[in-house]
2 protein chains.
Amino acid sequence: MSLSKNKIKVIQSLQRKKGRIQHGLFLAEGIKVVQELVASSFELHSLYVTEGHEHHFDAELVQLVTEDELKKISTFKTPSGVLALFRFARIQDLQLDGLVLALDTINDPGNLGTIIRLCDWFGVKQLLCSENTVDCYNSKVVQSTMGSLSRVQINYVDLEEVLQKIPTPKLVADLDGENLYQAALPKKGVLILGNESNGIGTELKKLKDRSLTIPRFGIETESLNVATAAAIILSEFRRNQ
Amino acid sequence: MSLSKNKIKVIQSLQRKKGRIQHGLFLAEGIKVVQELVASSFELHSLYVTEGHEHHFDAELVQLVTEDELKKISTFKTPSGVLALFRFARIQDLQLDGLVLALDTINDPGNLGTIIRLCDWFGVKQLLCSENTVDCYNSKVVQSTMGSLSRVQINYVDLEEVLQKIPTPKLVADLDGENLYQAALPKKGVLILGNESNGIGTELKKLKDRSLTIPRFGIETESLNVATAAAIILSEFRRNQ
């Protein structure tokens, strides 16, 4: 079997958000990531492997391609021998019970990937993303989250609109809030984290009930990376539960 | 003034560890990072800017170059207009008092950069790196740590040898240790974190006095990124101090 020109074009289009939305598909590469996603709740659409990589998967799932073909559809400089397409998760109703994490305008795929893994680790089931937050099916996000992507429900929403309707307390992370280590943290609520450079948007900030600050022990440090801040705050929410 | 061929060659060599060690210099790019480093304890060696960027710095520091010249020495696809060379920090005696962080075989520059910023935030003055840990003067590390690089003392050492001589407790992070949230953490000690895939080396593990585990609230999550784990554990060390 070989890949048709048209199929190659479709797969290449998945490297852009527009193409992914058009086809409802995303792309994952590498044995480990693809194995995790095949075993997850994501529905496999196609699995392409080069010779020698068939034995990692059930024979009926695999389509053999040449190295030249894989090179055309891979996002890697050195393709790993395994590339798969999966269907988007079905859009589900928001699960606003318990602790929810909301992200405002997160641009960096690595940060989003790390935050999705953190949600999975700390049992945060619902992640709300502002519509301009980087796409969770971006291939860099997919590669860094691995299976976690299937275990955290991610919805892209008008954050202002959704947060206005949520009755549980809304907490933001900023530089002049309550000392995180001394604050009594609620079991139910929304933690809102903002953009890497600009923090949380002005309109969203108005919706906050409380703000939290991670105490600083160095003198001149300017700020923590948003994924690092998420790690510290989520850990603090869970430590007493 | 224009850059000689030889100077260009020297600057290009700084993109590799060998070249950096040979010249005792490292490279930083972008207004913000370079400004932070100029204001830090690092000694500036040369500062190259293209027209229109001179006003960000003291006039006597600046050497004007053309965009073509900057392109030749930049590590960026789209050079930012500002590139500087700094001398390595002088190697200082280890500061083993208080809380020390030790890294075994960390490969990813982004992880090392995040960890250096964390040390700065949480007031960890001494970072020990195994000799095969990624170079802290790697340009990706420099870009991500910004000024923090000058405020944390980093020594590359034979970890086994150094740790054997340290009298304070040695704690490792792994998956079957004490519950981090319930452990009484010492004020003085060394926290040892291991490689992204393989954890801490066998010989080093033998030196541990205790091991700590970050409790997991999800069911299937495999692991946390090492920089994320560092964030959570360092926060826990500091929260009660």
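Residues numbered from 1 in each chain as written. Chains lettered and ligands numbered in written order. Predicted model: local features only at pLDDT ≥ 70, side-chain atom pairs only at ≥ 80, totals over all residues. Heavy atoms only, no water.

A. Broad picture of the sheet that holds strand β3 (residues 62-64) of chain A. All names here are of chain A. Read across the open sheet, the 4 strands follow the order β1-β4-β2-β3; overall the sheet is mixed. Because the sheet does not close on itself, it has two edges, and the strands there are β1 (25-29) and β3. Averaged over neighbouring strand pairs, the angle between their axes works out to 25° when direction is ignored. When β1 meets strand β4 (residues 82-87), the two strands line up antiparallel, connected through 5 bridges. Bridge pairing in β4 places Phe-26 opposite Phe-86. (Pairing = 2+ DSSP bridges. Helix = DSSP H or I, 4+ residues; strand = E, 2+ residues; numbered from the N terminus. Axes fitted to C-alpha atoms, helices over the stretch in contact; angles between N-to-C directions.)

B. How the structure looks around the confidence of the model for chain A. Residues and elements named next belong to chain A. On average, residues of chain A carry a pLDDT of 93, and 100% of them reach 70 or more. Averaged pLDDT values for the elements of chain A fall to 91 in helix α9 (residues 202-205) and rise to 98 in strand β6 (residues 126-130). For this predicted complex, the interface score ipTM comes out at 0.90, while the overall pTM is 0.91. (pLDDT = per-residue confidence, 0-100.)

C. Local environment of the environment of Gln-95 of chain A. Residue and element names in this part refer to chain A. Mapped onto the secondary structure, Gln-95 falls in the loop between β4 and β5 (99-103). Expressed as a C-alpha distance, the spacing of Gln-95 and Gln-63, which sit 32 residues apart in the sequence, is 37 Å. In this view, Gln-95 contacts Val-100, Lys-125, Gln-126 and Gln-153; residues no more than four positions away in its chain are not counted. Within the structure, Gln-95 has its side chain in polar contact with the side chain of Gln-153 (distance 2.7 Å). (Contact = heavy atoms within 4.5 Å. Polar contact = N/O pair within 3.5 Å; in protein donor to acceptor, adjacent residues only side chain to side chain.)

D. Structural view of the interface of chain A and chain B. Contacts between the two partners involve 32 residues from chain A, matched on the other side by 32 residues from chain B. Between chain A and chain B lies a buried interface of about 3,000 Å² when both sides are counted; carbon and sulfur atoms form 56% of it. Counting across the interface, chain A meets chain B through 2 salt bridges. Applying the counting criterion to the chain A and chain B interface returns 14 residue pairs in polar contact (both at pLDDT 80 or more). Those elements that provide at least two residues to the side of chain A that touches chain B are α3 (31-38), α5 (109-121), α7 (148-151) and α10 (226-239) of chain A. Ranked by residues supplied to the side of chain A that touches chain B, first place goes to α10 of chain A with 7 residues. Across the side of chain A that touches chain B, the residue classes break down as 11 nonpolar, 10 polar and 11 charged. (Buried area = accessible area lost by both parts, 1.4 Å probe. Salt bridge = Lys/Arg side-chain N within 4 Å of Asp/Glu carboxyl O. Nonpolar A, V, L, I, M, F, W, Y, C, P; charged D, E, K, R; others polar.)

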